[in-house]
Amino acid sequence: MTPGVERLVRSGRQAEIEGNLRDALVRFEAAAKLAGDDALPRLRLGTLCHRMGDYSRARETLQEATRLDPDNAEVAFRLGLTCDALGDRDVARAAFARAMMLAPSAWQTWFLIGRDHRQLGHAEVARLAYRRALDAAPDEPEILFEQGTLLWEMDMRDDAFALLERAVRICPVDPGYTLQLALAEMERDNLTAARRLLTTAKHLAPAERRIDVALQELASRTKAPRRHKRAA
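First, a word on scope: everything that follows refers to the structure included in this document. Since we're looking at a predicted model, the values are computed, not measured. (Residues numbered from 1 in each chain as written. Predicted model: local features only at pLDDT ≥ 70, side-chain atom pairs only at ≥ 80, totals over all residues. Heavy atoms only, no water.)

Here the focus is the overall build of the chain. Helices and strands together make up the secondary structure of the chain, namely 13 helices and zero strands. In terms of principal-axis extent, the alpha carbons of the chain reach across some 80 × 40 × 30 Å. The buried share among the 232 residues of the chain stands at 45%. Taking the contacts inside the chain whose residues are at least 6 apart along the sequence as the reference set, 48% of them involve residues at least 24 apart. Total accessible area computed for the chain in this model is approximately 12600 Å², and 50% of it derives from carbon and sulfur atoms. Positive and negative side-chain charges in the chain, numbering 36 and 35 respectively, have mean positions lying 7 Å apart. (Helix = DSSP H or I, 4+ residues; strand = E, 2+ residues; numbered from the N terminus. Buried < 20%, exposed > 50% of the residue type's maximum accessible area, 1.4 Å probe, protein only. Contact = heavy atoms within 4.5 Å. Areas by Shrake-Rupley, 256 points an atom, 1.4 Å probe, with all protein chains shown as cover. Lys, Arg positive; Asp, Glu negative; His and termini not counted. Charge placed at Lys NZ, Arg CZ, Asp CG, Glu CD.)

On to helix H13 (residues 209–222). The end-to-end C-alpha distance of H13 is 20 Å, a good match for the 20 Å that 14 residues give at a rise of 1.5 Å each. Restricting attention to buried positions, one finds in H13 the residues Ile-211, Ala-214 and Leu-218. Down the axis of H13, the sector holding all buried residues measures 60°, keeping them to one side. In this structure, the buried side of H13 is in contact with helix H11 (175–187) and helix H12 (191–204). Looking at where H13 begins, the residue whose side-chain oxygen comes 3.1 Å from the main-chain nitrogen of Arg-210 is Glu-208. (Expected span 1.5 Å × (residues − 1). Arc of directions from axis to C-beta. Polar contact = N/O pair within 3.5 Å; in protein donor to acceptor, adjacent residues only side chain to side chain.)

Glancing now at the layout of surface pockets. The gaps of empty space that remain are located by a probe, the size of a water molecule, rolled over the atoms. Empty space within the largest pocket amounts to approximately 680 Å³. Residue lining of the largest pocket: 22 residues in total, with His-50, Tyr-55, Phe-145, Asp-174 and Tyr-177 positioned closest to the centre. Looking at the lining of the largest pocket, the elements that each hand over two or more residues are helix H3 (40–52), helix H5 (73–85), helix H7 (107–119), helix H9 (141–153) and H11. Looking at the lining of the largest pocket, the element that brings in the most residues is H11, giving four residues. Grouping the amino acids of the lining of the largest pocket by side-chain chemistry returns nine nonpolar, five polar and eight charged. There is about 260 Å³ of room inside the second largest pocket. As for the second largest pocket, its lining consists of 16 residues, and the residues nearest its centre are Val-168, Pro-172, Thr-178, Leu-197 and Thr-200. If you list the elements that add at least two residues to the lining of the second largest pocket, you get helix H2 (21–34), helix H10 (157–170), H11 and H12. For the lining of the second largest pocket, the element with the most residues is H12, which contributes five residues. Residues that form the lining of the second largest pocket fall into these classes: seven nonpolar, four polar and five charged. (1 Å grid on protein atoms, 1.4 Å probe; cavity = no way out; pocket = protein on both sides within 12 Å on 5 of 7 lines; lining within 4 Å. Points joined across faces, edges and corners; volume = space filled by probe spheres on them. Nonpolar A, V, L, I, M, F, W, Y, C, P; charged D, E, K, R; others polar.)

Topologically, Thr-109 is positioned in helix H7. According to the relative accessible area criterion, Thr-109 is buried, its value standing at 4%. In contact with Thr-109, other than residues within four places in its own chain, are Ala-99, Met-100, Ala-103 and Pro-104.

Written out as structure tokens, the structure is:
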């Protein structure tokens, strides 16, 4: 990368970490336009689009990154996640298989092993695989979120909450992470924190129906009981 493109990618990552979605998007878009045949800016842009829920644009961008760097395991992994979100299971499986072949001992491989076992109902095996992924990449929000939601289901609530909280802190631009943390706060009866998180999630994804449902549930729980007037 040229120094200018590198600066754009670096500042885009900083904006993403700070939760400044618009600035991150603008910087990654600019970097991708100036990057020539470098796949990294497209990887960052595609990853951000995925986290925003713009899966179609994410797939298009990551496919271009794959064309430029077909031996990049993270590009293959991110493309698999996006195709899976779009329901294109065959392409997702092929991308995941390529990621595991390219980096058999990387965190992405352990993540995918954990994901497969979780889908099969093997919770303890999934937990251990996610643990291996976290050992290799302790700040990857996808692992933190997956392990956090798994531990929540396994009734290991304190450990789960810490992981979900960390996922949101590292990746504040993903509305799904913020929503899940809000739901956890609701279950802990911390309704003030839940309202703050749901407001943030709604700002990130105004059309997400799950957020509206959670806001309705929160409203029903915080509504003061009515006092009925006595008949004279």
